[in-house]
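Structural characterization, general
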Amino acid sequence: MDFSLLPQIAIQCLLGASAIVFTELVRDAYHIAGHYWQPLKRGHNLHHKAYRPDLTITSLEMYQKAQLNNDVPEAIAMLGAAAILAACTQLPVLWIGCLYSLVFLIPAVARSQGLLLQTDVTHKPGDLIELPKPWIVNRTYHWRHHFDDQNAYYCGHFTIVDKLLGTSLALKGKTVAITGASGALGQALIAELSKHGAKVVALTTSDRAFAEGIEVLHWQIGAEEELRSRLQKVDIFILNHGVNVYGDRTPAAIQTSYEVNTFSTWRLAELFLETVTESSHKALKELWINTSEAEVNPALSPLYELSKRALGDLITLRRLDAPCIIRKLVLGPFKSQLNPYGVMSASGVAWAIVALAKRDFRDIIVTINPITYILFPIKEFFQSLYFRLFSK
Ligand SMILES: [Zn+2]
Ligand SMILES: [Zn+2]
């Protein structure tokens, strides 16, 4: 084999892959135009009318019309754009974009005639089985575009455009419950989530007053079970409460740290996961857990670190087969009652958490410590792999 050709082959492969990504970007642009640009709206509306929530078709006639007026022209737009790109750049390998478009155009034409219906894989009828994937659009991901929020989840194959636009997670109309609601971050998250149209339920163990319109639930450590019926109707549950005993190392401090930071959070997490009972819950329900930067870095408070690390490890283990998306909030020092010397503001951290969640980050790292951005993903990857290999 002539190894001198390797760089050339690598460049051609890269160009070919770019042509496919480009064609997918055209698909997503066409789709977004279908929601906002009048000439395409009518055809795209048919697409939305063609399916029921279990993704069975409303009628064969409507389905065929939708294919003819939406899916076929969308594939033609992809084909046309790919051809223009290849012709303008004079790079033969870019014609792969055209071949790729034909893979969608031909079945779409067939489906518009009532044939090859099984090729419509993102709309395959039946219960949702997988969780939404972070980088590739699967049925559960796309289901949310139809039945959660039509102004989000636009992507057709790769999730890049939704990540750029911040449309990978819609908060509008969602019921979001949050523990530690009286604390600085809790308050800031309530304000930020409300701004994005979420209905917030504040869970607190204190008597603090909340803004008007916020549902407040009082709860106690050890009495988590009492929240079960309310959690049934919650879409996103944010576990954010915690305690910091600082330098205390008495048996009572050990007990308190683990009971609050690890076990009460753990019990609430399991309670919420048990409410994931319907097919749609796989798409809509989410658990966010504030495990803190203490998972990988010192927090100058040994028992805070120990109890938060134990929680973080348990979540890594549980995430391997969780019934809904679990996001970790890996946060650096922000100003709060727990940490008066925090350097970040709680409102800035809350803004970043929501911005990253809307871009479907499963591990939401917000800190000023650059080491965490490197250490945490490495730790999470290897620990997750270790747990996968040695547990079942
Ligand atoms: Zn669709
Ligand atoms: Zn649409």
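Quick look at the structure, then. (Residues numbered from 1 in each chain as written. Chains lettered and ligands numbered in written order. Predicted model: local features only at pLDDT ≥ 70, side-chain atom pairs only at ≥ 80, totals over all residues.)

Next up on the list: the pairing of strand 4 (residues 236-239). Alternating positions in strand 4 separate into two faces, Ile236 and Ile238 on one and Phe237 and Leu239 on the other, with burial throughout. Pairing of strand 1 (residues 175-179) with strand 4, which is carried by three bridges, proceeds in the parallel orientation. Bridge assignment links Val176 to a residue of strand 4, and that residue is Ile236. Judged from the four bridges that link them, strand 4 and strand 5 (residues 286-290) form a sheet pairing that is parallel. If you follow Leu239 over to strand 5, its bridge partner there is Ile289. (Buried ≥ 20, exposed ≤ 12 C-beta atoms within 10 Å, placed from the backbone. Helix = DSSP H or I, 4+ residues; strand = E, 2+ residues; numbered from the N terminus. Pairing = 2+ DSSP bridges.)

This paragraph deals with helix 7 (residues 184-195). Look at helix 7: 17 Å from first C-alpha to last across 12 residues, which is about the 16 Å you get at 1.5 Å a residue. Most of helix 7 sits out of view: nine of its 12 residues are buried. All buried positions along helix 7 are accounted for by Ala184, Leu185, Gly186, Gln187, Ala188, Leu189, Ile190, Glu192 and Leu193. Buried residues belonging to helix 7 abut strand 1, strand 2 (199-204), strand 4 and helix 12 (346-357). The first or second residue beyond helix 7 is Gly197, which carries a positive phi of 90°. (Expected span 1.5 Å × (residues − 1). Contact = placed C-beta atoms within 7 Å.)

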